[in-house]
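Report on the structure
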Amino acid sequence: MTTPFIRNHQYNLIKKLVGQLQHACTTIADRKVIEAVRQGTLMKISEAFPEATEQQRQMLESVSAMQRTEQFQSYLHELEAYVESFSQVTDQQMKKLYPKVKKLKAPDLAAIDRRRMTYLGWTDIASNRMYLVSELDGKLVGVEGRFTPTNKKSVCFLCNRHEEVALFTAVTKSKPANAPADYYKAIGNYLCASSEACNRSITDTAALEKFVRGVVGEDRS
C-alpha cells in the first residue's frame, strides 16, 4: 500500500478539478470540449505532484478514463486514504511557538482532523487575537496577530474563495539595515473568518508561505 503523499491543499485542488470535469461530462454534449477539460485536469494534477512515483502517478491519472458521477466520487473517496496529516502539535510546542503569550487559549488539538489542515488557525475573541501555525521549511512556525472581523464577504487571500472574512494583521520581525530601534511594520490581509472553512478550500500554499515568511523576517521576494 502506498503511504500518504497528498497534502490537504492538493486534495482540495484535485476535488475542485474533478468537480469541474464531472460537471462537463454530465452537462456538455460536445466530446471535444469534454476532452479539453479532461486534458486540462490531468495536466494540473500532474503539475501539482512533480515528485510523484510511477504508482502514485497512475493512481492520480486514473481519472482520465472516468465518465460517470459515481466513478468520480469513488476516485475522490479512494484518494482520501492517501492524504497526509498536518504535523502533530503538542502543548509544549505551543508554548515554544508563542513564548510571549502567558495565557494561550489553544484549541482542543486532539479533536482536530489534521488530514484536513494546511495550517492551524484559531482566534481568541476576548483579546481579538488570531494564532496561526504553519509548516515552513519542515518546521512549525507560529504567527500571532490582531483579528478584526469585517462582518462582510470578500476574497480570502489564502484560499481565494468569496467568504466572510476578517482582517489579520501581524507585526513583522524583519527590519531594514538602517531602521531605528522603534521601527514598526505590520502586514495585514483579509482571510476567512473560519479557519476550518479556509482549510477546506485552499488549493495552493504560495500566499500562506509568503505571508508567514514576511512576518518572521524571511521574505524571499
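Residues numbered from 1 in each chain as written. Predicted model: local features only at pLDDT ≥ 70, side-chain atom pairs only at ≥ 80, totals over all residues. Heavy atoms only, no water.

Some remarks on unusual backbone geometry
At Asn128, a position not held by glycine, the phi torsion is positive, near 55°. The residue Asn128 is located in the loop between strand E1 (120-124) and strand E2 (129-136) in this model. Residue Asn151 is not a glycine yet carries a positive backbone phi of 55°. One can find Asn151 in strand E3 (residues 139-155). (Helix = DSSP H or I, 4+ residues; strand = E, 2+ residues; numbered from the N terminus.)

Structural notes on the environment of Phe168
Structurally, the position occupied by Phe168 is in strand E4 (residues 162-171). When the C-alpha positions of Phe168 and Glu144 are compared, they lie 9.1 Å apart, and in sequence the two are 24 residues distant. Those residues in contact with Phe168, other than ones at most four positions away along the chain, are Met130, Leu132, Val143, Glu144, Gly145, Arg146, Ile187, Gly188, Asn189, Leu191 and Phe211. (Contact = heavy atoms within 4.5 Å.)

Observations regarding the sheet that holds E4
If you trace the 5 strands from one edge of the open sheet to the other, you get E1-E2-E3-E4-E5, paired in antiparallel fashion. With partners counted over all chains shown, the strands left at the sheet margins are E1 and strand E5 (186-192), one partner each. Neighbouring strand axes in the sheet, compared pairwise and without regard to direction, differ in orientation by 35° on average. Sheet strands in contact with helix H7 (residues 206-216) are E2, E3, E4 and E5, and its direction is about 110° off that of E2. (Pairing = 2+ DSSP bridges. Axes fitted to C-alpha atoms, helices over the stretch in contact; angles between N-to-C directions.)

Structural notes on the packing of helix H1 (residues 8-27) against helix H4 (residues 69-80)
Taken N-terminus to C-terminus, the directions of H1 and H4 make an angle of 170°; their axes are 10 Å apart at the nearest point. Our classification of the angle between H1 and H4 gives roughly antiparallel. For the pair formed by H1 and H4, the contact residues are Tyr11, Ile14, Lys15, Val18, Leu21, Gln22, Cys25 and Thr26 on the first element and Thr69, Phe72, Gln73, Tyr75, Leu76, Leu79 and Glu80 on the second. For the contact of H1 with H4, the per-class residue count stands at 9 nonpolar, 4 polar and 2 charged. (Parallel < 35°, antiparallel > 145°, perpendicular 65-115°, else oblique. Nonpolar A, V, L, I, M, F, W, Y, C, P; charged D, E, K, R; others polar.)

With respect to the packing of aromatic side chains
Applying the stated criterion across every chain, the model contains 7 aromatic pairs. Here the aromatic rings of Trp122 and Tyr131 are separated by 5.3 Å at their centres, their planes lie at 20°, and the arrangement is stacked. Owing to a relative accessible area of 7%, Trp122 belongs among the buried residues under this scheme. What links up through ring pairs into an aromatic cluster is the set Phe5, Phe49 and Tyr82. (Phe/Tyr/Trp six-rings, centres within 6.5 Å; stacked < 30°, edge-to-face > 60°. Buried < 20%, exposed > 50% of the residue type's maximum accessible area, 1.4 Å probe, protein only.)

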